[in-house]
Each structure stands twice: as C-alpha cells, then as structure tokens.
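Structural characterization, general
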Amino acid sequence: MWFVLKDITLGQFFPGDTVIHRLDPRTKLIMTVVYIAALFIAKRYISYAVMLVFLLTVIAISKIRPKALLRGLKPLIFIIALSAVLNLFYTDGATVLVHVWIFKITSEGIVRAVFMVLRIMMLITGTFLLTYTTSPIALTDALERLLSPLKKIHLPVHELSMMMYIALRFIPLLIEDTDKIMSAQKARGADFETGTLRERAKALLPLLVPLFVSSFRRADELAVAMESRCYHGGEGRTRMKQLRYAGRDAAALCVGAALLGGVITLAAFGL
C-alpha cells in the first residue's frame, strides 16, 4: 500500500513552457474528450497505431517525463491485469489455442486482451497529460466556461467546478498526510506489509481514523477561510487571468477533428 499511495500522481501539475502547456485549458479539455472518443472508436491495428503515434507525439511535445506517466500507471496494474485476464479467458473465437477445464484461450481472446490493455493504458496516460500540463485553477475555469450554457437550466456549474478543483487540489495533500501518518505508525511498531489479507486490513484501522480526522479538519479550515473572505459563489466574481483562444488552439482543434475523422474512417473499413 505504501508504494501504491506514493505512485498516485493524479492532480499533480508539472509547470512548463511547451506548446501543450500554453494551449487554452478549454482546448485541452475538448481535445481530451475527442481523444477518448477516438480511442473507444478504434477497432483494429491501424487505428490503434494512429492513436499511439498521436499520444507519443503529444508526450514528446509536452516534455513530460515518461517515468512520471509510468509511475501513474502503477496503482492501476491490478485493474489492467484483471481486464486482460477476463478478456483472455472469456472471449469466444474460432481458433482455440488452449482449453483446460472451463478455461480456454483463443487467438481472438489474445488480440482482444492486448487491445483492452493498450486502450486502458492509453486512456489513463492521455487523461494524466491533461492534469500534468494544466493547473487545477485553469482546469476549473475552463470547465466552468464550457458548462456555462447549463446555467440557463439552473445547474450549479460554478459549484461543480469548485468541487472538482478542491478534489484535485486535495489529492496530493491527502497522500502527504497518509505518508506522515504511516511513518508515525511504523515508528510505533505498526506493520502494514506482512500478514494475511485480514491482518493487513486490521492494520489499516490506526491509519484510517487519523486520516479521516485530518481530512475533516482540512475541510473545516477551508470552509472557515472561504467564509472569512466573503466567498459566496460565482456571481459577480472576476478572474485574474482571462481565457482567450489563440491560433494554436484553432490548430489543435483541427488536429483533433482530423484524428477523430480518421479513426472513424478506419473503423468503418475495419482497420
């Protein structure tokens, strides 16, 4: 558990001055949605190759270290492996390679398992790039601006955006608190690494109680700080940095449209 918590990188922001960092956050949100849609539309080898080349190109341009992206995948290894196993053993096909009891492996199952693992890894990496290259406050402003038409149906857009910002901002803080509490508990003789699954679960109780107390204390302090500064929602509030589209945003959106159109065309031809 120690290594899993240490490897969670969601919500972290890596400052930079690349083209990807300078894109309008609204453009990056739209591009992320387009990328996810194209990834789920992709069916076969060529379309997946196109998506992979696009992702690697964006990573190279953003200058985000591959080590940081791989570290973010570590906590999800179990989910990735489980998806691969389920698709490997429960995919019917004409070509049966191995058949033992109720388990059978087909060539179609292998292909589907590989594609599923690749899709999950590319999906996670693509969404991580959004948070790695965009500050939480900019991401919140972009989400609020994109969802602003929903205010006409009285949807609390500002409140939802603020909740997302606070959640992203508190993830690293909660991990830091967990690190401190685990170190303190280990100094008192707690053991989180050995024993049966039940014993490990019991060992987590001394960790969870102070973590919940710390989280509620942080939430209370944040509420008091917002009230003392007369925070009352989004009405009448101004922004220090205004969001403005530039030529690079138009170019990025054109690239996204071309990517989505190309993947749809490839999928239509079964490629």
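Provided above is the structure to which this section pertains.
Rules used throughout
- Residues numbered from 1 in each chain as written.
- Predicted model: local features only at pLDDT ≥ 70, side-chain atom pairs only at ≥ 80, totals over all residues.
- Heavy atoms only, no water.
- Salt bridge = Lys/Arg side-chain N within 4 Å of Asp/Glu carboxyl O.
- Buried < 20%, exposed > 50% of the residue type's maximum accessible area, 1.4 Å probe, protein only.
- 1 Å grid on protein atoms, 1.4 Å probe; cavity = no way out; pocket = protein on both sides within 12 Å on 5 of 7 lines; lining within 4 Å.
- Points joined across faces, edges and corners; volume = space filled by probe spheres on them.
- Helix = DSSP H or I, 4+ residues; strand = E, 2+ residues; numbered from the N terminus.
- Nonpolar A, V, L, I, M, F, W, Y, C, P; charged D, E, K, R; others polar.
- Expected span 1.5 Å × (residues − 1).
- Arc of directions from axis to C-beta.
- Contact = heavy atoms within 4.5 Å.
- Core = buried A, V, L, I, M, F, W, Y, C linked by side-chain atoms within 4.5 Å.
- Polar contact = N/O pair within 3.5 Å; in protein donor to acceptor, adjacent residues only side chain to side chain.
- Phe/Tyr/Trp six-rings, centres within 6.5 Å; stacked < 30°, edge-to-face > 60°.
- Lys NZ or Arg CZ within 6 Å of the ring centre and 35° of its normal.

**Let's talk about the pattern of salt bridges**
Should the charged atoms of two oppositely charged side chains come close, the side chains can pair. Scanning the entire structure with this criterion turns up 3 salt bridges. Arg-22 is the partner of Asp-17 in a salt bridge, and the nearest nitrogen-oxygen pair spans 3.3 Å. Residues Arg-26 and Asp-24 are paired through a salt bridge, measuring 2.9 Å at the closest nitrogen-oxygen approach. The exposure class of Arg-26 is buried, given its relative accessible area of 8%.

**Concerning the layout of surface pockets**
Size it by volume and the second largest pocket reaches roughly 440 Å³. Around the second largest pocket, the lining comprises 21 residues; the ones closest to its centre are Ile-20, Leu-23, Met-31, Phe-54 and Val-58. Contributing elements (two or more residues each) for the lining of the second largest pocket: α2 (19-22), α3 (25-41), α4 (45-62), α7 (107-132) and α12 (247-268). Broken down by class, the residue content of the lining of the second largest pocket amounts to 14 nonpolar, 5 polar and 2 charged.

**Focus on α12**
For α12, which comprises 22 residues, the first-to-last C-alpha distance of 32 Å matches the rise-based estimate of 32 Å (1.5 Å per residue) to within 8%. Listing the buried residues of α12 in full gives Asp-249, Ala-252, Gly-256, Leu-259, Val-263 and Leu-266. An end-on view of α12 places all buried positions within 120° of arc, on one side of the element. In this structure, α12 carries Gly-247, Cys-254, Ala-257, Ala-258 and Ala-268 as exposed residues pointing more than 90 degrees from its buried face. Buried residues along α12 sit against α3 and α4. A positive backbone phi angle near 70° is found at Gly-270, which sits one or two residues after α12.

**Comments concerning the nonpolar core**
Ranked by internal contacts, the top residues of the largest apolar core, which has 29 residues, are Tyr-35, Met-51, Leu-69 and Leu-129. Secondary structure elements with two or more residues in this core: α3, α4, α5 (66-73), α6 (77-89), α7 and α12. Per-element accounting of this core gives the leading share, 8 residues, to α7. With sequence-adjacent residues up to four places away left out, Tyr-35 is seen in contact with Met-51, Phe-54, Leu-55, Met-122, Leu-123 and Gly-126. The next biggest cluster of nonpolar side chains, apart from the first, holds 6 residues, and it includes Leu-130, Leu-139, Ala-142 and Leu-168.

**What about α3?**
The end-to-end C-alpha separation of α3 is 24 Å, in line with the 24 Å expected for 17 residues at 1.5 Å each. Three or more residues of α3 are buried, namely Pro-25, Arg-26, Thr-27, Lys-28, Leu-29, Met-31, Thr-32, Val-34, Tyr-35, Ala-38 and Leu-39. Where α3 is buried, its residues touch α2, α4, α7, α8 (136-146) and α12. Its side-chain oxygen 2.8 Å from the backbone nitrogen of Arg-26, Asp-24 forms the N-cap of α3.

**Describing the packing of aromatic side chains**
As enumerated under the stated definition, the model contains 6 aromatic pairs in all. Relative to Phe-115, the ring of Tyr-45 lies with its centre 5.3 Å away and its plane at 65°, an arrangement referred to as edge-to-face. One end of the pair, Tyr-45, is in helix α4; the other, Phe-115, is in helix α7, with 70 residues separating them in the sequence. Put simply, the rings of Phe-14, Phe-128 and Tyr-132 pair up and form one aromatic cluster. In this arrangement the basic side chain of Arg-26 is found over the ring face of Tyr-245, its NZ or CZ atom lying 4.1 Å from the centre.

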